[in-house]
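# Structural overview
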Number of protein chains: 2
Amino acid sequence: MQSLTVDLGDRSYPIHIGPGLLGRAELILPHLAARNVAIVSNTTVAPLYMQRLAAPLRAAGVNITEVVLPDGEAFKNLDTLNQVFDALLRARCERKTTLIALGGGVIGDLTGFAAATYLRGVPFIQVPTTLLSQVDSSVGGKTGVNHELGKNMIGAFYQPRLVLADTDTLQTLPDAELAAGLAEVIKYGLIRDLPFLGWLESNMESLVGRDTDALIEAILRSCQNKAEVVAEDEHEGGVRALLNLGHTFGHAIETAAGYGNWLHGHAVAAGTLLAAETSLGLGWISEADVVRVEALFHRAGLPVRAPAYGVERYLDLMAQDKKVEAGRIRFILLKALGEAVVSSAVPPELLQRVLSGRFIQPTA
Amino acid sequence: MQSLTVDLGDRSYPIHIGPGLLGRAELILPHLAARNVAIVSNTTVAPLYMQRLAAPLRAAGVNITEVVLPDGEAFKNLDTLNQVFDALLRARCERKTTLIALGGGVIGDLTGFAAATYLRGVPFIQVPTTLLSQVDSSVGGKTGVNHELGKNMIGAFYQPRLVLADTDTLQTLPDAELAAGLAEVIKYGLIRDLPFLGWLESNMESLVGRDTDALIEAILRSCQNKAEVVAEDEHEGGVRALLNLGHTFGHAIETAAGYGNWLHGHAVAAGTLLAAETSLGLGWISEADVVRVEALFHRAGLPVRAPAYGVERYLDLMAQDKKVEAGRIRFILLKALGEAVVSSAVPPELLQRVLSGRFIQPTA
């Protein structure tokens, strides 16, 4: 087991990474406010892992309410959130009941938002079961749900008390979801950690082959990178925006395709290549750099072309991005590999050109 | 105009109280993050006051989105919240758009929760237009919505940047709503300010007659009392619970009657008398004290009897209160007039007796 701490003063919390962590109640017990827990999961994850997590806690005298939601990004909305509130209220969960999210990013974001807002806030623990949620959404305190007019438009910053990343859960993950996680892993190399990018180029086959040691190393270094950024800028006033490399384009892809039709990580990969093309057009990185990024995404099993929904549709969707300020779209671009920057100064002709190239016919 | 500051470190904010404040854009402008504002109001208040607030802001170059919701406690729910999000997203409101709540407690609580969660948090200003919201819900940062299984079960602590209490808006308030506000005003005297209780006994006719100077004084002293409590205990770990005198009983009345059928302040008045009876039963206050409290509520035009829904129904509803801890109901009781305390030590026989007396047949 590897561990690190996300340093946020009195809201600091530990992340443990390794095999077999689901069954280790002794890691969880010290973080409970009372012996009452509600575990929120979904219909895919609960049959695999609910009892592995719940049984040792029950054996330790913890009273557990199980809440099982439908699976998928399409259910990350206020209606499903209300289902969680229904369950918590019916079970008479109180202010010291700890909510545990057992699942991927959707479960983590939604359960975190439920924890932030149930009785105006109850304790929260993350048990992410996908690579994407282990390296991204379980670190940083962003919680929330989607709105039909945009992704993650409703939410709160709310920190967990503990994150348990059990690498065993990655063995049952579909290939496409493993790849989606690798997109975010590669992102950390691209935005701020060139040595890590090199390590990924040397170890991509081990990661795709789900070697436990390689996965632990990739998760640890990803979480370290994210934790450093979040500690510096908890509420995304500055440097934290860099974590959104590929996301302005990526969110537009996800929205245009309809939630759930493009996995978030896949959209980020295709979006990152658009950001890389834009950076190339500004003369910041070379064609060789773009090819290098493309090759690494390709080896990870990720798409490197976005669906061709047309320039106008993309511009319209990107104008709704949360990062828009005074009507200007703020892009995260690459000054160099390993060095991302925020820029609003993309010439419209360049944006037009980037959004006209590197596309495939949409399938969804 | 009278002013005070709610002292919460870097989240401190001013409250201004007086006539004609709605039209004074110069009080609002320094608190805006950008010249973009969304004013959320309801179908009762908007026709009376929306333009009085909006016109001077527009004249000062502020871009305004008007959001008008249906009126009433029955609409304080996630569905109406989603209507606010719809309107904000359609108007492309950004992170620096300030949400202004123009209305009573329902609008304030709901708009505050929208501000806390839209794009994970945007700036928020309160313009309360009822006596209840001016003395209570606009101070302290409690925001949220109801759930069919309980009041204010979903929400967040989120502080406004400014509160403007325009006493002119109280002139159009229905008598029953003025009385509802007076219930909370009297509460501050009962829980911690015996001199203020005396002042209220000397000035109740001026207040009921809507004398501006008397109203300003009552609002100021109420807000000062609440601000002191909130500054000491922002997240209701301790002393803040005392503000809930009459509320454990009161919330049960509101829920049993159906939201909106009993005004919150009326339920608090009837609930406070139940708390006073309980305190009398414990030997803490005298029968003369109970009569004194009853007389003051009566002069304010408030009910002093709760509807007779039966002991079991009340006990069941009170067990769902947010203040329940480890299954025990925590009551706010009166050690003396002017001195409230938290107690879980109410003998079941006493509770049974209190819940059997002082009731009227329910009308709703």
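As a further point, take the overall build of chain A. When you go through chain A residue by residue, the secondary structure sums to 13 helices and 13 strands. The principal-axis extent of the C-alpha atoms belonging to chain A is close to 60 × 40 × 40 Å. Counting only residues that meet the buried cut, chain A has 60% of its 364 residues in that class. In chain A, the proportion of contacts linking residues at least 24 apart, taken out of those at least 6 apart, comes to 75%. When the accessible surface of chain A is split by element, carbon and sulfur atoms take 49% of a total near 12,500 Å². Here chain A contributes 31 positively and 39 negatively charged side chains, and the mean placements of these two sets differ by 5 Å.

A separate point is the relation of the copies chain B and chain A. The operation relating chain B to chain A is a screw motion whose rotation component is 180°, with 0.0 Å of axial translation and a residual RMSD of 0.0 Å. This pairing of chains is accounted for by a two-fold axis. Closest to the rotation axis within chain B is the C-alpha of Leu78(B), separated from it by 3.7 Å.

With that settled, consider helix 3 (residues 78-90) of chain A. Residues and elements named next belong to chain A. The end-to-end C-alpha distance of helix 3 is 18 Å, a good match for the 18 Å that 13 residues give at a rise of 1.5 Å each. Considered for burial, the residues of helix 3 that qualify are Leu78, Thr80, Leu81, Val84, Phe85, Leu88 and Leu89. Between the side-chain oxygen of the N-cap and the backbone nitrogen of Asp79 there are 3.1 Å, and the N-cap of helix 3 in question is Asn77. Downstream of helix 3 by one or two residues, Arg92 has phi in the positive range, about 55°.

Below, the discussion takes up the sheet that holds strand 3 (residues 36-42) of chain A. Residue and element names in this part refer to chain A. Pairing is mixed across the open sheet formed by seven strands, whose spatial order is 1-2-9-6-5-3-4. The strands lining the two open edges of the sheet, one partner per strand, are strand 1 (2-6) and strand 4 (63-69). Neighbouring strand axes in the sheet, compared pairwise and without regard to direction, differ in orientation by 15° on average. Direction of pairing for strand 1 relative to strand 2 (residues 13-18): antiparallel, over a ladder of five bridges. Residue pairing in the sheet places Gln2 in a bridge with Ile17 of strand 2. Those strands touched by helix 8 (residues 212-232) are strand 1 and strand 2, and its axis lies near 10° from that of strand 1.

In this section: the interface of chain B and chain A. For interface size, the figure often reported is the accessible area lost on association. Contact with chain B, which involves 36 residues of that partner, is made by 36 residues of chain A. Of all residues in chain B, the largest losses of buried area upon contact with chain A belong to Arg92(B), Arg95(B) and Arg120(B), amounting jointly to 22% of the total for that side. Between Asp316(A) and Arg92(B) there is a salt bridge, with the nearest N and O atoms lying 3.2 Å from each other. For the pair chain B and chain A, the number of links is ten residue pairs in polar contact (both at pLDDT 80 or more). Among the secondary structure elements, those contributing two or more residues to the side of chain B that touches chain A are helix 3 (78-90), helix 4 (105-117), strand 7 (142-147) and strand 8 (150-157) of chain B.

This paragraph deals with the side chain of Ser222(A). Residues and elements named next belong to chain A. Mapping Ser222 onto the fold places it in helix 8. One polar contact links the side chain of Ser222 to the main-chain carbonyl oxygen of Ala218, over a distance of 2.7 Å. Excluding anything up to four places from it in sequence, Ser222 contacts Val135, Val185, Tyr188 and Phe196.

Residue and element names in this part refer to chain A. Taken domain by domain, chain A comprises domain 1 (2-172) and domain 2 (178-360). Its C-alpha centre places domain 1 at a distance of 26 Å from the equivalent point of domain 2. Listed by partner, the interface residues are 34 residues for domain 1 and 34 residues for domain 2. Counting each side, the surface lost to burial between domain 1 and domain 2 is near 3,000 Å², with a carbon and sulfur contribution of 66%. When the buried surface of domain 1 facing domain 2 is broken down by residue, Leu131, Val135 and Lys151 rank first, second and third, together holding 21% of it. One can count two salt bridges joining domain 1 with domain 2. As a salt-bridge pair, Lys226 and Asp136 come within 2.7 Å of each other at their nearest N and O atoms. Summed over the shared surface of domain 1 and domain 2, the result is seven residue pairs in polar contact (both at pLDDT 80 or more). Grouping the amino acids of the side of domain 1 that touches domain 2 by side-chain chemistry returns 14 nonpolar, 14 polar and six charged.

This next bit is on the packing of aromatic side chains. Summed over the entire model, instances satisfying the criterion amount to eight aromatic pairs over all chains. Geometrically, the ring pair formed by Phe249(B) and Phe331(B) is tilted, given 5.6 Å between the ring centres and 35° between the ring planes. Taken together, the positions of Phe249(B) in helix 9 (residues 247-257) and Phe331(B) in strand 11 (residues 331-336) put the pair 82 residues apart, joining distant regions of the chain. Comparing Phe249(B) with Phe331(B), the two get one shared label, buried. Ring centres of Tyr309(B) and Tyr314(B) lie 6.3 Å apart, and the angle between their planes is 55°; this geometry places the pair in the tilted category. Judged by relative accessible area, Tyr309(B) falls into the partly exposed class, the value being 23%. The ring centre of Tyr188(A) lies 4.8 Å from the NZ or CZ of Lys187(A), which sits over that ring. Against the face of Trp284(A) rests Lys335(A), its NZ or CZ located 3.9 Å from the ring centre.

For chain A, the mean per-residue pLDDT works out to 93, and 96% of the residues sit at or above 70. Model confidence for the complex is summarised by a pTM of 0.87, with the ipTM given as 0.85.

Here we take up the environment of Gly258(B). Take Gly258(B): it is sitting in the loop between helix 9 and helix 10 (264-281). Sequence spacing of Gly258(B) and Leu131(B) is 127 residues, and the spatial spacing of their C-alpha atoms is 22 Å.

Calculation criteria
- Residues numbered from 1 in each chain as written.
- Chains lettered and ligands numbered in written order.
- Predicted model: local features only at pLDDT ≥ 70, side-chain atom pairs only at ≥ 80, totals over all residues.
- Heavy atoms only, no water.
- Helix = DSSP H or I, 4+ residues; strand = E, 2+ residues; numbered from the N terminus.
- Buried < 20%, exposed > 50% of the residue type's maximum accessible area, 1.4 Å probe, protein only.
- Contact = heavy atoms within 4.5 Å.
- Areas by Shrake-Rupley, 256 points an atom, 1.4 Å probe, with all protein chains shown as cover.
- Lys, Arg positive; Asp, Glu negative; His and termini not counted.
- Charge placed at Lys NZ, Arg CZ, Asp CG, Glu CD.
- Least-squares fit on C-alpha atoms with pLDDT ≥ 70 in both.
- Expected span 1.5 Å × (residues − 1).
- Polar contact = N/O pair within 3.5 Å; in protein donor to acceptor, adjacent residues only side chain to side chain.
- Pairing = 2+ DSSP bridges.
- Axes fitted to C-alpha atoms, helices over the stretch in contact; angles between N-to-C directions.
- Buried area = accessible area lost by both parts, 1.4 Å probe.
- Salt bridge = Lys/Arg side-chain N within 4 Å of Asp/Glu carboxyl O.
- Domains from an automatic or database assignment.
- Nonpolar A, V, L, I, M, F, W, Y, C, P; charged D, E, K, R; others polar.
- Phe/Tyr/Trp six-rings, centres within 6.5 Å; stacked < 30°, edge-to-face > 60°.
- Lys NZ or Arg CZ within 6 Å of the ring centre and 35° of its normal.
- pLDDT = per-residue confidence, 0-100.

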